[in-house]
Amino acid sequence: MGWASWFNVSGGRAALGSPVSVIARNPDHLDLFVTGTDGGIYSTWWDASSGWASWFPVSGGRAALGSPITVVARNPNHLDLFVVGTDGGVYSTWWDAASGWASWFQVSGGRAALGSRVEVVARNPDHLDLFVTGTDCGIYSTWWDAASGWASWFQVSGGRAALGSPITAIARNPNHLDLFVTGTDGRIFSTWWDAASGWASWFQVSGGRAHLGAPITAIARNPNHLDLFVTGTDGRIYSTWWDAASGWASWFNVAGGAAAPRSRINVVARNPNHLDLFVTGTDGRIYSTWWDAASGWGTWFNVSGGAAALASPIDVVARYPDHLDLFVTGTDGRIYSTWWHQTEALRVHVKILSEPTSVTRAQMVQSMQDVYRTAGIDVFVASTESLDLPLLNDLDVGGCTAGSTTTEQNQLFANRNNAAADDLCVYFVRSTVPPLNGCAAHPNNVWAAVVTSVASRWTMGHESGHVLGLPHVAPTDRLMMGGGTWNITNPPPDLIQAEMDTMLAHPTVR
Ligand SMILES: [Zn+2]
């Protein structure tokens, strides 16, 4: 399906140019963090089973407008956050699946310029390393270890940078760190730490230079290779690489790209042989290019018409090798997202009058996702909405015949908040009259189905299959078996190729 349209994330807003931090604790979950327009630190999340949640303040935290929030997941059930607070202290909080959000605390008395980025890396699940440019322009580090707690801050090999300069740190393997920064003279410097040898001296990377405070982006596609990206002093986008076999290469301009001074280039490696780059260009439009081991660098292109204030960073995450999620504060101060997907997607909007009682809605969504993925179709819950429509909760479906709907069905299916014309709406009702697990009869080109409270885990996928053009079949190990989905044998049920072809050709699948 390629690139989706940009959409506003749960009504979120931030100061122009504010970074939106994203992390995927697991492939079906995203957590976002941003400093809001009132200086509060906010979060929201997206889950494949429920869609986007509302923004909420994180433990009362505050920071200067536009301050970056850094986040790391040491394990899938734990998040650690870092930010420079309104008093210049370096603060942290954490979220744990078992205990929820903790209070903010200052990290070992650390301080930095307002709006500074606190760099964090988890070399292993029980260890964090932090890096920041201090208020005296020294480059400082501290660490946390599960066994010993927080250490004191120390200056890294005498390093210095302009006030507020971001430090980039990357762990190519659990016993090695590589650091990058634009120094006080505009030269691009690196140092490393190795468990065997400790900290090395700073050295200039291939003669590279950038504006003071320019962020250096680094990524390790594999443990023996680094790729760096920076906006140079001439406003052009440069890259170099380090390989264990050949050392550092010369800097080169990436496909003619350019950006405002100090623009952060965001990069993701969906797989070890592919890079995707994102940046706000000199015309304020959002651009991407890619590198592939097989074909080299592609041409820059504008992403779905997106635009942002000059130098706005575009945060990106690859939840799966065939999926990218992008986040940015747009030109109107609203927080936007889009995604790219290599295969096809079915956007589902969940409308709840009554929750199912036999299996959970999340189990039903997951079961549908599992079966549809076999057809190369990813089911996305694009929105979830509760509907207060008691008169339609026991829905008259008449004969539940394809192409024929009752007045009550027509009334219910008129509720399509958030849904595009070719999106599917699934309505969870208490029951149908007559009683069924669900019903897929819908008006022409109004893609809708109902699922009742007594439905099985396969009903949502089965009724959606009807909407996508599939008829009943006899074999009991198929999703579309006509004898009631409670009687499916050999789960998960199958789709055959002819059914997959029909589904992929449907306008809701794109
Ligand atoms: Zn059916």
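Residues numbered from 1 in each chain as written. Predicted model: local features only at pLDDT ≥ 70, side-chain atom pairs only at ≥ 80, totals over all residues.

### Remarks on the domain arrangement of the protein chain
The condition that has to hold: Throughout, the edges of the domains are those of an automatic or database domain assignment. Placing C-beta atoms from the backbone, we regard two residues as in contact once those atoms come within 7 Å. Side-chain classes follow a simple rule in which Ala, Val, Leu, Ile, Met, Phe, Trp, Tyr, Cys and Pro form the nonpolar group, Asp, Glu, Lys and Arg form the charged group, and the remainder, Gly included, forms the polar group.
What the domain assignment lists for the protein chain is domain 1 (2–341) and domain 2 (344–504). Computed from C-alpha coordinates alone, the two centres of domain 1 and domain 2 are separated by 40 Å. Each partner contributes residues to the interface: domain 1 has five residues there, and domain 2 has 10 residues. Within the side of domain 1 that touches domain 2, the residues separate by chemical class into one nonpolar, four polar and no charged.

### Looking at helix 1 (residues 361–373)
Put simply, the test is: In this text, helices come from DSSP runs of H or I with a minimum length of four residues, and strands from runs of E with a minimum of two, each type numbered from the N-terminal end. Any helix carries an expected span of 1.5 Å times its number of residues minus one. We call a residue exposed when 12 or fewer other C-beta atoms sit within 10 Å of its C-beta, buried when the count reaches 20 or more, and partly exposed for counts in between; the C-beta positions come from the backbone.
End to end, helix 1 covers 18 Å across 13 residues, agreeing with the expected 18 Å (1.5 Å per residue, within 8%). Within helix 1, burial applies to Arg361, Met364, Val365, Ser367, Met368, Gln369, Val371 and Tyr372. Tucked inside the fold, the buried residues of helix 1 contact strand 36 (344–352), strand 37 (377–386), strand 39 (424–429) and helix 3 (459–467).

### A closer look at the nonpolar core
What counts is decided by this rule: Buried Ala, Val, Leu, Ile, Met, Phe, Trp, Tyr and Cys residues form a nonpolar core when they are connected through C-beta atoms within 7 Å.
Judged by nonpolar contacts, the single largest core of 88 residues is most densely connected at Val83, Val230 and Leu326. If you tally residues by element for this core, the top one is strand 9 (residues 78–84), at five residues. Excluding anything up to four places from it in sequence, Val83 contacts Ile41, Gly61, Ala63, Ser67, Ile69, Tyr91 and Val118. Grouped together as the second largest cluster of nonpolar side chains are 48 residues, Ala345, Cys425, Ala448 and Trp458 included.

### Looking at helix 3
Counting buried residues in helix 3 gives eight out of nine residues, a clear majority hidden from the surface. Taken as a whole, helix 3 has its buried residues at Thr459, Met460, Gly461, His462, Glu463, Ser464, Gly465 and Val467. Elements in contact with the buried residues of helix 3: helix 1, strand 39, strand 41 (438–439) and strand 42 (448–452). A positive backbone phi angle near 105° is found at Gly469, which sits one or two residues after helix 3.

### Points about the sheet that holds strand 41
Formally: Here, a strand pair is defined by DSSP locating no fewer than two bridges between the strands. The angle between two axes is taken between their N-to-C directions and runs from 0 to 180 degrees, where each axis is a line fitted to C-alpha atoms and a helix contributes only its stretch in contact.
Taken in spatial order, the five strands line up as 37-36-39-42-41 in an open sheet, and their pairing is mixed. Edge positions in the sheet fall to strand 37 and strand 41, since each of these pairs with one other strand and no more. In the sheet, strand 36 pairs with strand 37 via nine bridges, with the strands oriented parallel. When the sheet's bridge partners are listed, Val348 is paired in strand 37 with Val381. Each of strand 39, strand 41 and strand 42 touches helix 3; the most contacted strand, strand 42, lies at about 155° to it.

### Remarks on the pairing of strand 42
The buried fraction of strand 42 amounts to five of the five residues, a majority that puts the element mostly inside the structure. Bridging between strand 39 and strand 42 involves five bridges; their strand directions are parallel. Note on strand 42: the bridge partner recorded for Phe428 is Val451. Sheet topology places strand 41 next to strand 42; two bridges connect them, and they run antiparallel. Within strand 42, the residue paired with Gly438 across the bridge is Val451.

### Regarding the packing of helix 1 against helix 3
To be explicit about the condition: Comment on the angle field: the value is read as roughly parallel under 35 degrees, roughly antiparallel over 145, roughly perpendicular from 65 to 115, and oblique elsewhere.
Contact geometry of helix 1 with helix 3 gives a least axis separation of 7 Å together with a crossing angle of 55°. By the angle class used here, helix 1 and helix 3 are oblique. Facing helix 1, whose interface residues are Met364, Val365, Ser367, Met368, Val371 and Tyr372, helix 3 presents Thr459, Met460, Gly461 and Ser464. Within the contact of helix 1 with helix 3, the residues separate by chemical class into six nonpolar, four polar and no charged.

### Some words on unusual backbone geometry
Here the residue pair Val433 and Pro434 is connected by a cis peptide bond, since its omega of 0° sits within 30 degrees of zero. Here Pro434 is to be found in the loop between strand 40 (431–433) and strand 41. Here the phi dihedral of Ser157 falls at roughly 50°; this positive angle occurs in a residue that is not glycine. Turning to its location among the elements, Ser157 is positioned in strand 17 (residues 154–160). For Ser157, a count of 17 C-beta atoms within 10 Å translates into the label partly exposed. A positive phi angle, near 50°, is found at Ser304, a position not held by glycine. Relative to the helices and strands, Ser304 is located in strand 32 (residues 301–307).

### Concerning the environment of Ala402
With respect to the helices and strands, the residue Ala402 is situated in the loop between strand 38 (394–396) and helix 2 (407–413). Ala402 gets classed as partly exposed once you count the C-beta atoms within 10 Å, which come to 14. Here the alpha-carbon distance between Ala402 and Pro471, two residues 69 residues apart in the chain, equals 9.8 Å.

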